[in-house]
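# Structural description and commentary
Below, each chain spelled out in residue letters.
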Amino acid sequence: MSIHSQKAAAKVNVSTIRKMKSVEPITMVTAYDALFAKLFNDSVEMILVGDSLNMSFSGKPDTLSANMEMMIYHTRAVCTGAKRPLIVFDMPFGSYTTKDRALKNATRVYRETDAQAVKIEGGKERAKIIKTLTENSVAVMGHIGLMPQFVRSEGGYKVKGKDDENIQALVEDAIAIEEAGAFAIVVEGVKCEAAKAITEAISIPTIGIGAGVDTDGQVLVWSDMFGFFEDFKPKFAKQYLNGAKLIRDAMESYVDEVKNRTFPSKEYTY
Ligand code: KIV
């Protein structure tokens, strides 16, 4: 029996996630509200309250203007909807620039929400910050490769791990993050050879997004995977549903029925 089915009803924690490495692929999805979090409650092991909500929920062009207040508000909603998966709070841009700031903000996350971990973008240059958090009992998920919070400083979303030198740098980043005490690392937008090398080099799980099949788990942004976000469609984002079409069709039916006075019929009338 898989860890997933054994633990079907039990709360997932960081120890469950660590134990899944090399045993069973880990599933993670983003959520920003209680309604969808509740729908995801019984399936995935982890829910990420990603700062991607700044784009897909708030309609901004990138994640950079997300702030602690927004992230806390959405995380509380997700924690209300989903009780079983491990919930990860994505630290917004600027909230972990120094050890003190990171600790102050991560402490706020634990005090004001039920999230069990925070996620931080960056490689070995962030190791000291991650160590400060883990030494102060905050569970941390790293995030390397394509890092959306670097979109302006790097001039776009750049796929990483294209040559041996860059693969080696990514492996070193992952090792530094593991040594700093992180329990898992998101590996985003890297060539699959790089994701494989990173996954083999560390003993904590890698969670891939646009990183091929050799990571220890996968994460997708819910609005991409269910076809609601139409502004931009990354190559890796498989659509499991054409949500936007379903909504438009349903809305058209509603508008037609109101216009021709077939809604509300007797069935929907007191
Ligand atoms: O914000 C987010 O949704 C993320 C995922 C892309 C991993 O960081």
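Notes on the structure in this doc start here.

Criteria and thresholds
- Residues numbered from 1 in each chain as written.
- Predicted model: local features only at pLDDT ≥ 70, side-chain atom pairs only at ≥ 80, totals over all residues.
- Heavy atoms only, no water.
- Salt bridge = Lys/Arg side-chain N within 4 Å of Asp/Glu carboxyl O.
- Helix = DSSP H or I, 4+ residues; strand = E, 2+ residues; numbered from the N terminus.
- Buried < 20%, exposed > 50% of the residue type's maximum accessible area, 1.4 Å probe, protein only.
- Contact = heavy atoms within 4.5 Å.
- Patch = residues over 30% accessible without salt bridge, like charges linked within 9 Å, V, L, I, M, F, W, Y side chains within 5 Å.
- Areas by Shrake-Rupley, 256 points an atom, 1.4 Å probe, with all protein chains shown as cover.
- Lys, Arg positive; Asp, Glu negative; His and termini not counted.
- Charge placed at Lys NZ, Arg CZ, Asp CG, Glu CD.

With that settled, consider the pattern of salt bridges. What the rule picks out here adds up to 12 salt bridges. Two residues, Arg-152 and Asp-62, come together in a salt bridge whose shortest N-O distance is 2.9 Å. On the criterion of sequence distance, the pair formed by Arg-152 in helix H8 (residues 151-154) and Asp-62 in the loop between helix H4 (53-56) and helix H5 (68-81) is long-range, its members being 90 residues apart. Under the relative-accessibility criterion, Asp-62 is labelled buried at 8%. Residues Lys-124 and Glu-172 are paired through a salt bridge, measuring 3.6 Å at the closest nitrogen-oxygen approach. On the criterion of sequence distance, the pair formed by Lys-124 in the loop between strand S4 (117-121) and helix H7 (127-135) and Glu-172 in helix H9 (residues 164-179) is long-range, its members being 48 residues apart. Assessed through its relative accessible area of 42%, Lys-124 is described here as partly exposed. Shared partners join several salt bridges into a network, and the residues in it are Glu-69, Arg-108 and Glu-112.

The subject of this paragraph is the environment of Asp-224. Structurally, Asp-224 is set in helix H11 (residues 222-225). In sequence terms Asp-224 and Asn-242 are 18 residues apart; their C-alpha atoms lie 9.6 Å from each other. Not counting the four nearest positions on each side in its chain, Asp-224 is found in contact with Phe-229, Phe-232, Pro-234, Ala-237, Lys-238 and Gln-239.

Here Ile-144 shows up in strand S5 (residues 140-145). Beyond its immediate stretch of four places on either side in the chain, Ile-144 contacts Gly-122, Gly-123, Leu-170, Asp-173, Ala-174, Ile-177, Ile-185, Val-186, Val-187, Glu-188 and Ile-198.

The grouping of Lys-158, Lys-162, Lys-191 and Lys-235 at the surface amounts to a positive patch. You can see Lys-158 is positioned in the loop between H8 and H9. On the basis of relative accessible area, Lys-158 is assigned to the partly exposed category, the value being 38%.

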